[in-house]
Amino acid sequence: MEEKVIYAILSSKALVSEVGYLPAKQGIYAYFLNSQKDLGKFGKNGDVIYVGLAEKNLNCRDIKNHLTSGRTGSSSFRRSLGAILKVELGLTAVKRDLNGSKPRADKYKFIDEGEERLTQWMNKNLKFGYWVNEPSLPKFELRSLEAKVILAMNPKLDLDRRTRSQNPLASQLDALRAICREEVKIKFK
């Protein structure tokens, strides 16, 4: 089954900037670097860098979450990508909820201007592909299928608890994200 999912993802691959509306259905998706960008050890031209699951709605998860400025606090993908690009894009990490009393350093986002730079970078440098869960698999089967696709596609930004042990870059990515978390803690002591 994972071969079918991977085929659909690869067949639907398009520049992020060209992705308009996605189906309001469950699915598995992947982000790739386009042929002109290089993230060093985290990915080169055309590499898959992230695989995820939209448990409810591809359109909400990807267009309204991963690809929207200001949503980094609820997107592990944006937090990871922002941590890698922190210096290049001049990103400053802040707590997700500026009105809350707890800093929630683990759910950081970036200042508004940085969020916008990150979104512009994504629109320019990423491709996106997806598979729609039709007919619908039960949630536990869908999550199991996601793990199999992650293992088969080997995305460099994988931090999923079930598969991260297979990602040799997980600890290096954790270290970059820790820099952002520390920045939040220092600012909101």
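> Looking at this structure, how should I read the confidence of the model for the protein chain?
A low pLDDT score tells you not to read the predicted coordinates there in detail. When pLDDT is averaged along the protein chain, the result is 87, and 88% of the positions lie at 70 or above. Highest mean pLDDT in the protein chain belongs to helix α1 (residues 2-11) (96); lowest belongs to helix α2 (residues 58-66) (70).

> Would you mind going over the packing of aromatic side chains with me for this structure?
Aromatic ring pairs are reported here in terms of the distance separating the ring centres and the angle at which the planes meet. Going through the model one piece at a time under the given rule, you end up with eight aromatic pairs. Relative to Tyr31, the ring of Tyr29 has its centre 6.0 Å away and its plane inclined at 80 degrees; by these criteria the two rings are edge-to-face. A connected cluster of aromatic rings, assembled from ring pairs, spans Tyr29, Tyr31, Tyr50, Phe77, Phe128 and Tyr130.

> Just checking my understanding: could you explain helix α5 (residues 139-153) for this structure?
Since the α-helix packs 3.6 residues into each turn, any two residues three or four apart lie on the same face. Compared with the 21 Å implied by 1.5 Å per residue over 15 residues, the 21 Å span of α5 between its first and last C-alpha is a close match. Of all the residues in α5, the buried ones are Leu142, Leu145, Glu146, Ala147, Val149, Ile150 and Met153. If you follow the buried residues of α5, they end up packed against α1, β2 (27-33), β3 (48-54) and β6 (126-132). Downstream of α5 by a residue or two, Asn154 has a phi angle that is positive, lying close to 50 degrees.

> For this particular structure, what's the right way to read the pairing of β3?
Side chains on a regular strand alternate between the two faces of the sheet. Along β3, seven of the seven residues are buried, which leaves the element largely enclosed by surrounding structure. Alignment of β2 against β3, held across six bridges, turns out to be antiparallel. Looking across to β3, one finds that Gly27 is bridged to Ala54.

> In this structure, what is going on with the nonpolar core? I would like to understand it.
Side chains that are nonpolar tend, in soluble globular proteins, to be buried together. Residues Tyr31, Ile49, Leu81 and Leu126 are the most contacted members of the largest nonpolar core, which totals 36 residues. For this core, the elements supplying multiple residues, two or more each, are β2, β3, α3 (76-89), α4 (112-125), β6 and α6 (170-187). Residue contributions to this core peak at six residues, all from α3. Not counting chain neighbours up to four residues away, the residues in contact with Leu126 comprise Ala14, Leu15, Val16, Tyr31, Phe32, Leu33, Asn34, Ile49, Phe77, Leu81 and Trp121. In terms of nonpolar packing, the next biggest core, distinct from the first, is built from 15 residues, Val5, Ile9, Leu53 and Val149 among them.

> Would you mind showing me how to read the sheet that holds β3 here?
Strand-to-strand pairing in sheets goes through backbone hydrogen bonds, with the strands running parallel or antiparallel. The strand order across the open sheet built from four strands is β1-β6-β2-β3, with neighbouring strands paired in antiparallel fashion. Every interior strand has two partners, whereas the edge strands, β1 (14-15) and β3, have only one. As defined by bridge partners, β2 adjoins β6 across seven bridges and the pair is classed as antiparallel. Within the sheet, the bridge partner assigned to Phe32 lies in β6 and is Lys127. On the sheet, α3 packs against β2, β3 and β6 and is oriented at approximately 160 degrees with respect to β3. The sheet strands contacting α4 are β2 and β6, and the helix crosses β6 at an angle near 75 degrees.

Cut-offs and rules
- Residues numbered from 1 in each chain as written.
- Predicted model: local features only at pLDDT ≥ 70, side-chain atom pairs only at ≥ 80, totals over all residues.
- Heavy atoms only, no water.
- pLDDT = per-residue confidence, 0-100.
- Helix = DSSP H or I, 4+ residues; strand = E, 2+ residues; numbered from the N terminus.
- Phe/Tyr/Trp six-rings, centres within 6.5 Å; stacked < 30°, edge-to-face > 60°.
- Expected span 1.5 Å × (residues − 1).
- Buried < 20%, exposed > 50% of the residue type's maximum accessible area, 1.4 Å probe, protein only.
- Contact = heavy atoms within 4.5 Å.
- Pairing = 2+ DSSP bridges.
- Core = buried A, V, L, I, M, F, W, Y, C linked by side-chain atoms within 4.5 Å.
- Axes fitted to C-alpha atoms, helices over the stretch in contact; angles between N-to-C directions.

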